[in-house]
Amino acid sequence: MSTNSQRIVVTGVSRGLGRAMSEGFIAAGHVVLGCARSAKGIAELRGLYGPPHRFDVVDVSRDEEVRAWAAAVLAEGPPPDRLINNAALINRNARLWEVPAEEFSQVIDVNIKGVAHVIRHFVPAMVARGRGVIVNFSSYWGRSVAAEVAPYCATKWAVEGLTAALAAELPSGLAAVALNPGVIDTDMLRSCLGDGAAEYLDPVSWARSAVPFILSLGPEHNGQQLTVPGQ
């Protein structure tokens, strides 16, 4: 690894944007410390990328799992230079009153509580070191809305507010940004648009601009609402 190599924590690495980002960071010479709920996806990543990269099966909605994962990651090296909260769920298309309570809770637990759990267990070490960038993935639907995805919209609006408040709490040298990745042809988008999602960029093509953009973020961006260029 290069002497300029960064340690980058990424959640939701098993597919979609998380997988594409992780592979982009690795190709650029950085160390990825990732997690996802999919045991199969994590096994694939472990088979492709050995140490110093690390991939673990973690459900970010469970605070105790995040705590154990963060402790293991921090025991192996310095705090992350970048902490990327990417993991998220979307509800099945339905009017708000038709979304089952359990499904609504699952979206909240991953998309809001999961972000908070990861911040809770990694950011203190970043604060102690005095540098680092926290990137919380938002969405166009964190700044606008659409019918039949109200639970998802609610969580992404929450991520925007949570990130702005976190930015006000961070000491000099750190940054927290809410990042809208754009509209990408992922399984999540296909759950909403079906085959219409094919009109949009695939994750690997998206990562070609997203990875260098995320790597360019620094303390001067603290509190900003950003969108990946070209989206």
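Worth saying up front: this structure is predicted, and the values here are computed from it rather than measured.

A. Geometry of unusual backbone geometry. Omega for the bond connecting P51 with P52 falls within 30 degrees of zero, at 10°, which places this linkage in the cis form. Relative to the helices and strands, P52 is located in the loop between α2 (39–48) and β3 (54–57). If you check the backbone angles, E148 has positive phi at about 75° while not being a glycine. By the element assignment, E148 lies in the loop between β5 (132–137) and α5 (150–169).

B. Structural detail: the pattern of salt bridges. Going through the model one piece at a time under the given rule, you end up with 15 salt bridges. Salt-bridge contacts for R54 lead to E76; the nearest nitrogen and oxygen are separated by 2.6 Å. Here E76 lies in helix α3 (residues 63–76) and R54 lies in strand β3, a separation of 22 residues in the sequence. Judged by relative accessible area, which is 52%, E76 ranks as exposed. Here the salt bridges share partners, and the residues they tie into one network are R46, R54, D56 and E76.

What counts and how
Residues numbered from 1 in each chain as written. Predicted model: local features only at pLDDT ≥ 70, side-chain atom pairs only at ≥ 80, totals over all residues. Heavy atoms only, no water. Helix = DSSP H or I, 4+ residues; strand = E, 2+ residues; numbered from the N terminus. Salt bridge = Lys/Arg side-chain N within 4 Å of Asp/Glu carboxyl O. Buried < 20%, exposed > 50% of the residue type's maximum accessible area, 1.4 Å probe, protein only.

Everything listed here is a matter of coordinates, which is why it stays silent on function.
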